[in-house]
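# What the coordinates show
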Amino acid sequence: DSGVTQTPKHLITATGQRVTLRCSPRSGDLSVYWYQQSLDQGLQFLIQYYNGEERAKGNILERFSAQQFPDLHSELNLSSLELGDSALYFCASSVDGYGYTFGSGTRLTVV
Amino acid sequence: SQQGEEDPQALSIQEGENATMNCSYKTSINNLQWYRQNSGRGLVHLILIRSNEREKHSGRLRVTLDTSKKSSSLLITASRAADTASYFCATDAAGSARQLTFGSGTQLTVLP
């Protein structure tokens, strides 16, 4: 157990639907990062939050959004899902920006 | 987009042999990190080397960094079957908000 908890572990949904992925960072870590891992794009940075505020954006689609709550957990919302959104979504947390701790990921399958 | 490329894409060796993986990147960096991923699982942080360091050791791991060539290598000595995994380099680019840019990964298979 890395200390970063992601739920659910697996998610199967239909095209056009909306899902929410949840991440609880390691205790004491203020930064949360979301990454997408797919076969064709590899590991791509999506978005970062620091203590509730958006800090950086990467290759995140407009159909995707995220937020970090006062208790520091974060949610990644994916809407109008397409087949190409099928991927592993990872959350990572860090206390100082060095040496992330990754969660075990949510495997999203869009059918 | 991915910052760098890793070489080789796949590597198969016998237990006890050494494994060397290389990573090249494109921009100036604060540090470079190596991660391991077992099939379909989360990434595990292995080692971090800062831009002003040239070599770092951790157990059976040895990482080198050549900022003039924008390249790094990861050496795993005396490999074990349990080392079978994908290995990724990731760069923390200078001036970034600390997000990492990952390479394409090397799939290492250690045969017993």
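Please read all numbers here as calculations on a predicted model, not as lab measurements. (Residues numbered from 1 in each chain as written. Chains lettered and ligands numbered in written order. Predicted model: local features only at pLDDT ≥ 70, side-chain atom pairs only at ≥ 80, totals over all residues. Heavy atoms only, no water.)

### Focus on the confidence of the model for chain B
In this model, chain B carries a mean pLDDT of 91, and residues with pLDDT of at least 70 account for 93%. Ranking the elements of chain B by mean pLDDT puts strand E1 (residues 5-7) of chain B last with 85 and strand E7 (residues 61-66) of chain B first with 98. (pLDDT = per-residue confidence, 0-100. Helix = DSSP H or I, 4+ residues; strand = E, 2+ residues; numbered from the N terminus.)

### Considering the pattern of salt bridges
Scanning the entire structure with this criterion turns up 7 salt bridges over all chains. The salt bridge involving Arg63 of chain A is made with Asp85 of chain A; its shortest N-O contact spans 2.8 Å. A residue pair is termed long-range when its members are at least 10 positions apart, and Arg63 of chain A in the loop between strand E6 (53-57) and strand E7 (64-68) and Asp85 of chain A in the loop between strand E8 (74-78) and strand E9 (87-94) qualify at 22 residues. Overall, the relative accessible area of 3% leaves Asp85 of chain A in the buried class. With a closest N to O distance of 2.9 Å, Arg60 of chain B and Asp83 of chain B form a salt bridge. Here Asp83 of chain B lies in the loop between strand E8 (71-76) and strand E9 (85-93) and Arg60 of chain B lies in the loop between strand E6 (55-58) and E7, a separation of 23 residues in the sequence. Owing to a relative accessible area of 23%, Arg60 of chain B belongs among the partly exposed residues under this scheme. Look at the salt bridges and you will find they share partners, linking Arg63, Glu82 and Asp85 of chain A into a network. (Salt bridge = Lys/Arg side-chain N within 4 Å of Asp/Glu carboxyl O. Buried < 20%, exposed > 50% of the residue type's maximum accessible area, 1.4 Å probe, protein only.)

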